[in-house]
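Chain residues, written in single-letter form:
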Amino acid sequence: MKKVLALLFIFSASLALFSSCEKDDICPGDTLTTPVLKLGFYNISNQDRFKSVARLRVVGINEDGTQRDTLNTFPDRSSRTEIDIPLRTSESYSTFLFIKNSSDRIDTLDNGTIENVELGNIDTLRFNYTRQEEFISRGCGYAVRITELGYNLNPDFTDSIPNDQEWITSVFVQDPNLQHQDTVHVKIYH
Amino acid sequence: MLKFTTNLILLFISVTAFAQDSLSVETAAIDTVQVQQASKDSTVYKQRYGLRVGIDLSKPLRSFLEEDYQGLELLADFRISHNVYIAGALGNEEKTTQEDNYNFTTSGSYLKVGLDWNTYENWYGMENIINLGFRVGASTFSQTLNAYQIYNTNQYWNEIQSGIMGEDMLGEYSGLNALWAEIVLGMKVELFRNVFMGASVRLNYLVNNTQAGNFPNLFIPGFNKVTDGSKFGVGYNYSISYLIPIFKGNKPQKLPSNNQQEQED
């Protein structure tokens, strides 16, 4: 009895000491934290069917109107039916350029500088939403829950080659609260 | 404060070294006496009953070593029968915890009350303790969220890199409280007359805790770290305490059959 007790004591003492050193509080990858916006591209004339967008490129727009890097959630200029869009968590809106048939024309200006001109059809989509910060777990900390998602198609005309032919015909918000990460939240018809 | 703590550590080290010599001498002497005493049963060693008060040494030591921690715990127990003690603790802790995406400070006080049962059969003249026990603990505290960043796996917008911090949830969450039960495994060794050195480990089970909706209780003073999805916690202490003897009592008489067995051993 005494020996068992002593052993138990040593065991639990070391357990208490070492358990505090272990960093077991990581955020598991499958935890639903800040959601991404899932977009699906559908056929306007047959609305249940996906319709892929050829050579799609998506670019975020900064606060000052400058363009960010190309969105990295899918291979740039590939044909897509569904894409993931990360929304800004520090602001209640995010603006993106959706470029169909994206390609560059390289122009050399008179003064010798080289300029890339986008030849694709550019539509602008601005998403507005309400942010609610929420504590997830010790490892993850806080995430943002997005609700009341709305959109604004082509706030200004953005094609570099003037062209009234917008490729997005209409947009439908299917899940304004981004509750599930395995279904499409916004349907884009074209 | 610094000097005081340093002194305390030095005292602690010297006391431990000291104790080993004196104890071994004592046991050698007692070994020979015990056989005669047990058979004759003429002289009975009077057990001391009284209030033992002490302090947890680990908390001031941690306060000294760790920048993010301050704590103090006072301990007391009172012997109510040969093997049973009523025990309690009163403490205060303030701890700042840095997690991956946020930083918070917990501050509060706690009280623990319960019983200890001494399982150790002492040799003649000794009153050391190896105890099992339980406590009921209660704490009132507050948590302050000092800083945080939003967790987002996709950093396309570079919000973490550009140092955008959360603001909405910052501040103090007060009026929090918790109730828990503890199983204690510990020991106390008498170093000098009436001076005991002890150590214990505790397994805690969180019974109830009131928490703020936007920030759960991640650390509870007295209970320690709260783990996600689990009600269990662990604790420990190292104590030095002083027994204030109030009265003396005899060791309870054993049944003759038991006595027989013990002599044969």
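Throughout, a residue's number is its position along its own chain's written sequence, starting from 1. The order in which chains are written sets their letters, starting at A; the order in which ligands are written sets their numbers, starting at 1. The model is predicted, so local features are restricted to residues of pLDDT at least 70 and side-chain atom pairs to those at 80 or more, both for listing and for counting; the totals for chains, interfaces and linings are taken over all residues.

J.: I'd love a proper account of the confidence of the model for chain B, names of residues and values included.
T.: All names here are of chain B. Predictor confidence is given residue by residue as pLDDT, running from a minimum of 0 to a maximum of 100. Per-residue pLDDT for chain B averages 83, and the proportion of residues at 70 or more is 79%. The numbering of helices and of strands both runs from the N terminus, where a helix is a DSSP run of H or I of at least 4 residues and a strand a run of E of at least 2. Highest mean pLDDT in chain B belongs to strand β4 (residues 102-118) (96); lowest belongs to helix α1 (residues 2-40) (47). Scored as a whole, the predicted complex attains pTM 0.75, and scored at its interfaces, ipTM 0.77.

J.: Quick one: what's the story with the confidence of the model for chain A, residue by residue and with numbers?
T.: Averaged over every residue, the pLDDT of chain A is 83; the share at 70 or more is 82%. When the elements of chain A are averaged for pLDDT, helix α1 (residues 2-19) of chain A gives the smallest value, 62, and strand β1 (residues 37-42) of chain A the largest, 93.

J.: Give a detailed account of the sheet that holds β1(A), specifying residues and quantitative values.
T.: Residue and element names in this part refer to chain A. Pairing between strands requires that DSSP locate at least two bridges from one strand to the other. Taking strand neighbours across the sheet as the criterion, the four strands line up as β5-β1-β12-β11 in an open arrangement whose pairing is mixed. Single-partner strands in this sheet number two, and they are β5 (82-85) and β11 (170-173). Looking at each pair of strands side by side, their axes are set apart by 25 degrees on average, direction ignored. Across four bridges, the pairing between β11 and strand β12 (residues 186-189) is antiparallel. Residue pairing in the sheet places Val 173 in a bridge with Val 186 of β12. Lines fitted to the C-alpha atoms define the axes, with helices restricted to the stretch that makes contact. Angles between their N-to-C directions range from 0 to 180 degrees.

J.: Quick rundown of the environment of Val136(B)? Include the residues and the values.
T.: All names here are of chain B. For Val 136, the position within the fold is in strand β5 (residues 129-148). Between the C-alpha atom of Val 136 and that of Leu 218, which follows or precedes it by 82 residues, the distance is 20 Å. By definition, residue pairs are in contact when their C-beta atoms, positioned from the backbone, come within 7 Å. Discounting chain neighbours no more than four positions away, the residues touching Val 136 are Lys 112, Val 113, Gly 114 and Ala 181.

J.: Can you lay out the interface of chain B and chain A for me, pointing to particular residues and giving the numbers?
T.: Taken together, the contacts link 29 residues of chain B with 32 residues of chain A. Sorting the residues of the side of chain B that touches chain A by element identifies β5 and β10 (232-249) of chain B as the ones contributing at least two each. It is β10(B) that contributes the most residues to the side of chain B that touches chain A, three residues altogether. Amino acid classes used here: Ala, Val, Leu, Ile, Met, Phe, Trp, Tyr, Cys and Pro are nonpolar; Asp, Glu, Lys and Arg are charged; the rest, including Gly, are polar. By residue class, the composition of the side of chain B that touches chain A is 16 nonpolar, eight polar and five charged.

J.: Tell me what's going on with the nonpolar core, and back it up with residues and numbers.
T.: Ranked by internal contacts, the top residues of the largest apolar core, which has 47 residues, are Leu37(A), Leu39(A) and Val58(A). Apart from the residues within four sequence positions on either side, Val58(A) is in contact with Leu71(A), Ile83(A), Phe96(A), Leu97(A) and Phe98(A). The term nonpolar core refers to a group of buried residues, namely Ala, Val, Leu, Ile, Met, Phe, Trp, Tyr and Cys, whose C-beta atoms join them within 7 Å. Working definition of burial: number of other C-beta atoms within 10 Å of the residue's own, with buried at 20 or more, exposed at 12 or fewer, and partly exposed in between, all C-beta atoms being placed from the backbone.

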